[in-house]
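Notes for the structure review
Letter by letter, the chains look like this.
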Amino acid sequence: MAMSGLIKKSKCGGCFKFLDDRSNTDNNVQKAPFLEFAKGTRVTMAPDVKDSSPANATPMRSPSRFSGLSWGQDRETIVFDQDTMLLNKCFDAFKQGRGLEACEHLAEDCVWHTMYAEEIKGRTAIVEWRDAEMRRGRRNRSETMWTKEQDGMYKREMKVIFPSKATHQVVQTVVLQAGKIKEIVVKPKYAALSVALKFAVARAKGDDEEALRYMADDVRWKAWDGFHVEGKEGIAKLFREQRMKEVSRHGESEFEAAQVNDQGGVFERLLYVERVDGIKVKAKQRLYVRSELSEVEPVCLAKGEVRKCYGLVPKIIEVKVLATEEMIDGTWVVTEDGHM
């Protein structure tokens, strides 16, 4: 009997047998979607999937069959289709270091947009870049099931360890075209993290104007050497003074979330500072980010009228630099946690 329509959990034991099978060695991440299914989620078969007979119990329990599942656009139905199977084959191959196999599923002119605003163009370049990322330590710690946003577009959430050793929660969006992956976009799950990372890039480049763009008007900065300043103008002056007083200032790690949600977050990184007077400090830099009412892109109305618009935008409201170690007589000495 062919399968059609929706299958309720009471009608199908295959998924439960799969979950209860102690011999199955698939990781918990792969099993997670079926724990949700066990709660009563509906499942439907896409018309492009062959061999959909429920009598064939072996493929229903087979992990390869489950790789074709994704959340439907209503977020309540699990869809089984060829697109999701293609996505999982490609990204599983990437994850296991089989770049050439993954390459088969990419369009010739595929583009990968990284979380750091880089663009990797062309499938050959993508495979080489992804293999290099793996060698440098990039790993996926967890992945959700794909969600179908619209025809040819899928999205999932991941927790990724990047080559910087930082672990971030990200959202990966993939666009399919003619049976191939056309575009891949990876962005931070939370906008506050994006602000912290962009701020760090601007500071590394010495772009004061760009760094200030991510700060609130009444932002506060507490420096490790006791300097305290408020407001963008005061911080702009601080940036100029730092360049005159310091030989070096750079991040030794990437900003990571100590706390983060949709409203904001707290992010920390290690910072190395060497002043012209010989003082060397390893510090913990902490950013406090909060969504604030700010002016956003204006709206064009009829007859060419332009109206200002305001919305909640994540901004850095405070920066603290806490000295953790200081070089004294050639030795790094731990200092008291506080503002120097």
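Rules of the game
- Residues numbered from 1 in each chain as written.
- Predicted model: local features only at pLDDT ≥ 70, side-chain atom pairs only at ≥ 80, totals over all residues.
- Heavy atoms only, no water.
- Helix = DSSP H or I, 4+ residues; strand = E, 2+ residues; numbered from the N terminus.
- Buried < 20%, exposed > 50% of the residue type's maximum accessible area, 1.4 Å probe, protein only.
- Contact = heavy atoms within 4.5 Å.
- Areas by Shrake-Rupley, 256 points an atom, 1.4 Å probe, with all protein chains shown as cover.
- Salt bridge = Lys/Arg side-chain N within 4 Å of Asp/Glu carboxyl O.
- Expected span 1.5 Å × (residues − 1).
- Phe/Tyr/Trp six-rings, centres within 6.5 Å; stacked < 30°, edge-to-face > 60°.
- Lys NZ or Arg CZ within 6 Å of the ring centre and 35° of its normal.
- Polar contact = N/O pair within 3.5 Å; in protein donor to acceptor, adjacent residues only side chain to side chain.
- Pairing = 2+ DSSP bridges.
- pLDDT = per-residue confidence, 0-100.

1. Quick notes on the overall build of the chain
- Each helix and strand in the chain was counted, giving 10 helices and 19 strands.
- By residue count, 45% of the 340 residues in the chain fall in the buried class.
- Relative to all contacts within the chain whose residues are 6 or more apart in sequence, the contacts with residues 24 or more apart total 50%.
- Split by element, the accessible area of the chain, about 18700 Å² in all, is 49% carbon and sulfur.

2. So, the environment of Val247
- Relative to the elements of secondary structure, Val247 occurs in strand E14 (residues 246-251).
- Residues Val247 and Val273 lie 26 residues apart in sequence; the distance between their C-alpha atoms is 7.9 Å.
- When neighbours within four sequence positions are excluded, Val247 is seen to be in contact with Glu274, Arg275 and Val276.

3. Points about the pattern of salt bridges
- In this structure the tally under the stated criterion is 21 salt bridges.
- By sharing partners, the salt bridges in this structure join Asp92, Lys95, Glu143 and Arg156 into a single network.

4. A few points about helix H8 (residues 191-205)
- The end-to-end C-alpha distance of H8 is 21 Å, a good match for the 21 Å that 15 residues give at a rise of 1.5 Å each.
- Within the sequence span of H8, burial applies to Ala192, Leu193, Ser194, Val195, Ala196, Leu197, Phe199, Ala200, Ala202 and Arg203.
- The first or second residue beyond H8 is Gly206, which carries a positive phi of 75°.

5. Some thoughts on the packing of aromatic side chains
- Enumeration over the complete set of coordinates arrives at eight aromatic pairs.
- Ring plane angle 45° and centroid distance 5.7 Å describe the contact between Phe91 and Trp146, whose orientation is recorded as tilted. Here Trp146 lies in strand E8 (residues 146-150) and Phe91 lies in helix H5 (residues 82-95), a separation of 55 residues in the sequence.
- Its relative accessible area of 6% is what places Phe91 among the buried residues.
- With a centroid separation of 5.8 Å and 85° between ring planes, the pair formed by Tyr116 and Phe162 is classed as edge-to-face. Note that Tyr116 is positioned in the loop between strand E5 (106-113) and strand E6 (119-121) and Phe162 in the loop between strand E9 (153-161) and strand E10 (167-177), a separation of 46 residues in sequence.
- Directly above the ring of Phe91 sits Arg156, whose terminal nitrogen or CZ lies 5.2 Å from the centroid.

6. What about the environment of Glu246?
- Within the element layout of this structure, Glu246 appears in strand E14.
- When the C-alpha positions of Glu246 and Asp277 are compared, they lie 8.3 Å apart, and in sequence the two are 31 residues distant.
- A polar contact of 2.8 Å, which involves the side chain of Glu246, links it to the side chain of Arg249.

7. Digging into the pairing of E10
- Bridge count between E9 and E10: nine bridges; the pairing is antiparallel. Paired with Tyr154 across the strands is Val174, a residue of E10.
- In this structure, the hairpin formed by E9 and E10 is closed by a connection of five residues, where Lys165 is found at a positive phi of approximately 80°.
- Of the pairings in the sheet, the one linking E10 to strand E11 (residues 180-188) comprises eight bridges and is antiparallel in character. Within E11, the position partnered with Gln177 by the bridge is Lys180.
- With antiparallel pairing between neighbouring strands as the criterion, E10 and E11 make up a hairpin whose turn holds two residues, including Ala178 at a positive phi of roughly 55°.

8. Here we look at H5
- Here H5 spans 20 Å end to end across 14 residues, near enough to the 20 Å set by a 1.5 Å rise per residue.
- Where H5 ends, the next residue or the one after it, Gly97, has phi of about 80°, a positive value.

9. Topic: the confidence of the model for the chain
- Chain-level pLDDT for the chain is 80 on average; 75% of the residues reach the 70-or-more range.
- Predicted confidence for residues 1-41 stays below pLDDT 50, and this span has 56 contacts to residues more than four positions away or in other chains.

10. Section: the environment of Glu133
- Its location among the elements puts Glu133 in helix H7 (residues 123-135).
- For Glu133, a relative accessible area of 8% puts it in the buried group.
- Taking the C-alpha atoms as reference points, Glu133 and Phe162, 29 residues apart in sequence, are found 7.9 Å from one another.
- Ignoring any residue separated from it by four or fewer positions in sequence, one finds Glu133 in contact with Arg138 and Pro163.

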